[in-house]
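One-letter residues, chain by chain:
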Amino acid sequence: MALRSGTDRVPPEDCRRLSENSLTLRSVTQRAVHRWSNAIVGLLAAGIASTATGASLENELGRNETRIYSEPFAIEAGAVARDLALVERLERLGYRRVHERPDQAGEFFYGNEVIWIYRRATHARGEDRAAALFGVDLDAATGKVLGLRDGEGATRPIRGGADAWLEPELLAESLRGERADRVRVAVEDLPERVWRAVLAAEDARFFEHLGVDPIGVARATVHNIRKGALSEGGSTITQQLIKNRDLTPKRTLGRKANEAVRALALETEYSKNEILESYLNTVYFGNVRGLAVHGIGAAARVYFSKPASSLTLEEAAALAAMIQAPNRLSPVEHAAALRERRDWVLSRLEDLEWAERRDVERAKSQPVRGKLTPPRSSAPRQFVSWIAELVEDEKPSRVEEGRGFRVETTLDPWLQDLAERAVADQLDALRGQYPKLRQAGLSAALVALDARTGAVIAYVGGDPEERAAEYDHARSARRQPGSIVKPFVVLQALDECGRREPLTASSRIADQPLVIDLPSGDWSPQNFDGRFLGPILLREALAESRNVPAVRIAQWCGFDATAETFERAGFALPKDAPPSFVLGAIESTPLAVARAYTTFATPGRVLDTYAVARLETPGGRGLARSSRDAHRVAGEEAAYLV
């Protein structure tokens, strides 16, 4: 738990407290906690998550916290390792590449014949998973995945991707996507001036108390008696962490007692270093341009455009000062008010002998100079909004109470990046090709499904460059799909063809002028090239997307029968739809079209799409799992032929 000492100004006894073995502290705290009544011990057991898997406090969720994850990525036998983008995926997850078999979690080795991965401890697929070392055997010539090696080198086949997988990637930390990306920091990587400033502002006796500071409580009690109200809480950093993670913001004696008991318990489970690091990575630093900034790493980047490790003494004190009232003490908008509070923090650092007077005076002489870098949320906003709707529909009362969730989605982050890049590049190309579109509100959508399951693996609901846009073109924008529906015309013809003998791929269709008498007048469909080819094979008519043959096929089998196939596949047709529906003159969404096309992959059944694989409490208790239903649209043979 040692923290790196970056200055000789810190009293030696404080450095010893900081780095000493935490076992003595834990045993003292445990004895104190065991003096409480059985009822309180029961409360502790119910309120504190188990750490049996070795997961860090930073990776555990409080009762009020929400995290939305991708699906674990399965490495399947027969796949080509390069096509799986394993190196890129591991680097996204923060793994370090080494030159031999890894010996600690978070490392990997990539060779021609084997890839060794030391997967971190994680929670995935509804279970806490311990850290695990495994090797992926490759065919040296082709790079195909052959099987697995365990830590002892024994090989065995991969069982459907259930054995070899990478942990989920964090997508978002709120249901509404209103949180900025966090920049996680390790305490040992921060200069003392940074974390000492936070302690000076919030909890100077942090390394001396056991989670609750009697001196701070006494001081707050006297203050509250004088004020005649609960205006000061005397909370330690541990208590603040508990309050933000687990409790309501209501100021009541009952909540304060609960907070205190949980704080004592937390300090029996974790070291001071872990608690401080979790606090620094989660504490709130205000809302900037609609995004909430959490953690000192993100705050340093947003307000001073630098990493937290590079903060000067005055900048560190300014951020520490913000914690009291982050939206009223912004370095950018409220510099004068923040300077007063910052100078108080600097004075506290001097009083505590954590900073030299000359350094404090120099820091006080500096104005508050914020340099704003707008916060960013890398979460796919429209996808997260969809997840929020699904969660709210499933557990409305829990959402209303402000309780947290652990959501495992179906999204593949690597494919999501490729999808966003593809959409952005295409929009840029269109703007370059058509100058009038440069000032227009041009957007696009993309949906990719796992055709074996219906899982949504990539989802772009609008222009990826417009991160704040909320309108979801993938689910809400109803457009005419056009010729993309013609395979369903052919599907009906090959499967049933109404009450007639089904057609075949070699049936001849007349590509000749056609007039259909409608109540609104005669309708004469035309081909896109304005030509007629005469009799052609059905397979040619579909491959070349000929309009007139498509209408003739639907007319022969019956427009009503064709409409029934459309509806079974999930296309919404208006009542008494005109024959032009067979050419895509209907309205649908990208998600509905992608779902309909699973008919050709199954084959013959349409899969219900789903985006949430598992919904759990923050502690990992299951709340809901995805339903993966399907229903028959047409026979397997007809779907296969199409």
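Look above for the structure.
Each chain carries its own residue numbering, running from 1 in the written order of its sequence. Per-residue local features of the predicted model are confined to residues with pLDDT of at least 70, and side-chain atom pairs are confined, for both listing and counting, to 80 or more; whole-chain, interface and lining totals are unaffected and use all residues. As a rule here, side-chain values cover all heavy atoms of the structure and leave hydrogens and water aside.

Remarks on the state of the cysteines
- By convention in this document, the label disulfide applies to cysteine sulfur atom pairs within 2.5 Å. Summed over all chains, the structure comprises 1 disulfide.
- Between the sulfur atoms of C497 and its disulfide mate C557 the distance is 2.2 Å. Torsion about the S-S bond of the C497 and C557 cystine: about -90 degrees, corresponding to left-handed handedness. Here C557 lies in helix α19 (residues 547-557) and C497 lies in the loop between α17 (486-495) and β18 (508-511), a separation of 60 residues in the sequence. Accessibility assignment for this pair places C497 and C557 in one class, buried. The numbering of helices and of strands both runs from the N terminus, where a helix is a DSSP run of H or I of at least 4 residues and a strand a run of E of at least 2. Residue burial is assigned from relative accessible area. The probe radius is 1.4 Å, only protein chains are included, and a residue is buried under 20% of its type maximum, exposed over 50%, and partly exposed in between.

Considerations on the packing of helix α7 (residues 237-246) against helix α9 (residues 272-282)
- At a minimum axis separation of 10 Å, α7 and α9 run at an interaxial angle of 55 degrees. Overall, the two elements α7 and α9 adopt an arrangement that is oblique. For the element pair α7 and α9, the recorded crossing hand is left-handed. Of the residues in α9, those touching α7 at I237, T238, Q240 and L241 are I275, L276, S278, Y279 and T282.
- A class-by-class count of the residues in the contact of α7 with α9 yields 5 nonpolar, 4 polar and no charged. Geometry is summarised by axes, namely lines fitted to C-alpha atoms with helices restricted to the contacting stretch, and by angles between N-to-C directions that run from 0 to 180 degrees. An angle below 35 degrees is treated as roughly parallel, one above 145 as roughly antiparallel, one from 65 to 115 as roughly perpendicular, and anything else as oblique. We call a crossing left-handed when the near helix sits turned anticlockwise from the far one by less than a right angle, and right-handed when that turn is clockwise. Every residue pair with non-hydrogen atoms within 4.5 Å of one another is taken to be in contact. All residues other than Ala, Val, Leu, Ile, Met, Phe, Trp, Tyr, Cys, Pro, Asp, Glu, Lys and Arg, Gly among them, are scored as polar; the first ten of these are nonpolar and the last four charged.

A look at unusual backbone geometry
- Each neighbour pair has its own omega, and for T602 with P603 the value is -20 degrees, a cis peptide bond.
- The phi dihedral of R289 is positive, around 55 degrees, even though this residue is not glycine.
- The residue R289 is located in the loop between β13 (284-288) and β14 (291-294) in this model.
- With a phi angle near 55 degrees, D576 is a residue other than glycine that sits in the positive phi range.
- Along the polypeptide, D576 turns up in the loop between α20 (559-569) and α21 (590-597).

Some points on the side chain of N281
- Position of N281 relative to the elements: it lies in helix α9.
- Residue class for N281 comes out buried when judged on its relative accessible area of 3%.
- In contact with N281, not counting residues within four places along its chain, are E58, R182, V183, R184, V185, H294 and G295.

Remarks on the pattern of salt bridges
- Salt bridge, as used here, is a side-chain nitrogen of Lys or Arg placed within 4 Å of a carboxyl oxygen of Asp or Glu. A full pass over the atoms with the stated rule returns 32 salt bridges.
- With a closest N to O distance of 3.5 Å, R245 and E65 form a salt bridge. Pair noted here: R245 is in helix α7 and E65 is in the loop between α3 (38-47) and β1 (67-69), with a separation of 180 residues, a long-range link.
- With a closest N to O distance of 2.5 Å, R149 and D137 form a salt bridge. A residue pair is termed long-range when its members are at least 10 positions apart, and R149 in strand β9 (residues 145-149) and D137 in strand β8 (residues 132-138) qualify at 12 residues.
- Since its relative accessible area comes to 25%, R149 is described here as partly exposed.
- Take D137: its relative accessible area is 11%, and that puts it in the buried class.

Re the sheet that holds β1
- A pair of strands is considered paired only if DSSP assigns at least 2 bridges between the two. One open sheet holds the 5 strands; their spatial order is β12-β1-β15-β23-β24, and the pairing between them is mixed. The sheet terminates laterally at β12 (170-172) and β24 (622-625), the two strands that pair on one side only. Here the average twist between neighbouring strands, direction ignored, is 25 degrees.
- The pairing of strand β23 (residues 612-616) with β24 spans 3 bridges and is antiparallel. For R614, the partnering residue across the bridge sits in β24 and is R625.

A short note on the pairing of β8
- With respect to burial, β8 is a largely interior element, 6 of its 7 residues being buried.
- Two elements, strand β5 (residues 114-119) and β8, share 6 bridges in a ladder whose sense is antiparallel. Across the sheet, the residue bridging to Y118 is L133, located in β8.
- Connecting β8 to the antiparallel partner β9 that follows it, the hairpin turn spans 6 residues, and G143 within it adopts a positive phi of roughly 80 degrees.

Let's talk about the nonpolar core
- Formed by 56 residues in total, the largest nonpolar core has its most connected members in L276, F285, I296, Y303 and L319.
- Considering each element in turn, this core owes the most residues, 8 residues, to helix α11 (residues 313-322).
- Among all residues touching F285, those that are not within four sequence positions of it are V293, G295, I296, A299, Y303, L319, M322, I323 and P326.
- Nine residue types can take part in a nonpolar core, namely buried Ala, Val, Leu, Ile, Met, Phe, Trp, Tyr and Cys, and a core is a set of them joined through side-chain atoms within 4.5 Å. In terms of nonpolar packing, the next biggest core, distinct from the first, is built from 39 residues, V489, V548, A638 and A639 among them.

Let's talk about the sheet that holds β8
- Spatial ordering of the open sheet is given by β3-β4-β5-β8-β9-β10, a layout of 6 strands whose pairing is mixed. The sheet terminates laterally at β3 (96-97) and β10 (155-156), the two strands that pair on one side only.
- Two strands pair when backbone bridges link them, and β8 and β9 are joined in this way by 4 bridges, in the antiparallel orientation. Note that in β9 the partner of L138 across the bridge is V145.

What to know about the environment of R531
- Here R531 shows up in the loop between β20 (521-523) and β21 (534-537).
- Here R531 falls in the partly exposed class, since its relative accessible area comes to 48%.
- Taking C-alpha positions, R531 is 8.8 Å from Q512, a pair spaced 19 residues apart along the chain.

So, empty space enclosed by the protein
- Within this scheme a cavity is a closed region of a 1 Å grid, computed over the protein atoms alone, that accommodates a 1.4 Å probe without allowing it to escape, whereas a pocket is open but has protein on both sides within 12 Å along at least five of seven lines; lining residues each have an atom within 4 Å of a point. Grid points are joined across faces, edges and corners, and a volume is the space filled by probe spheres set on the points. Under the definition given, this model contains 3 cavities of 30 Å³ or more.
- Of the volumes computed, that of the largest cavity is approximately 120 Å³.
- Forming the boundary of the largest cavity are 15 residues, of which P380, R381, Q382, P464 and R467 lie nearest the centre.
- Among the elements that make up the lining of the largest cavity, the one with the highest residue count is helix α14 (residues 381-394) (3 residues).

Topic: the packing of aromatic side chains
- Ring pairs shown here join Phe, Tyr and Trp side chains whose ring centres sit within 6.5 Å, with only the six-membered ring taken for Trp; geometry is labelled stacked below 30 degrees between planes, edge-to-face above 60, and tilted in between. According to the stated counting rule, one finds 12 aromatic pairs in the structure shown.
- Plain terms: the ring middles of F383 and W386 are 6.3 Å apart, the flat faces sit at 90 degrees to each other, and that makes the pair edge-to-face. Of the two residues, F383 and W386 are both situated in helix α14; the distance of 3 residues between them amounts to about one turn of the helix.
- The class of W386 is buried, set by a relative accessible area of 8%.
- Clustering of aromatic rings is evident, with ring pairs tying together F488, F566, F571, F581, Y597 and F600.
- Only when the NZ atom of a Lys or the CZ atom of an Arg is both within 6 Å of the ring centre and within 35 degrees of the ring normal do we say a charge sits over the ring. Here the guanidinium or amino end of R89 rests over the ring plane of F73, the centre of that ring lying 3.6 Å away.

Things to note about the pairing of strand β4 (residues 107-110)
- With 2 bridges joining them, β3 and β4 adopt parallel strand pairing. Bridge pairing in β4 places R96 opposite E107.
- One ladder, built from 4 bridges, connects β4 with β5; its direction is antiparallel. By the bridge assignment for β5, F109 is matched with W116.
- In this antiparallel pair of consecutive strands, β4 and β5, the connection spans 3 residues.

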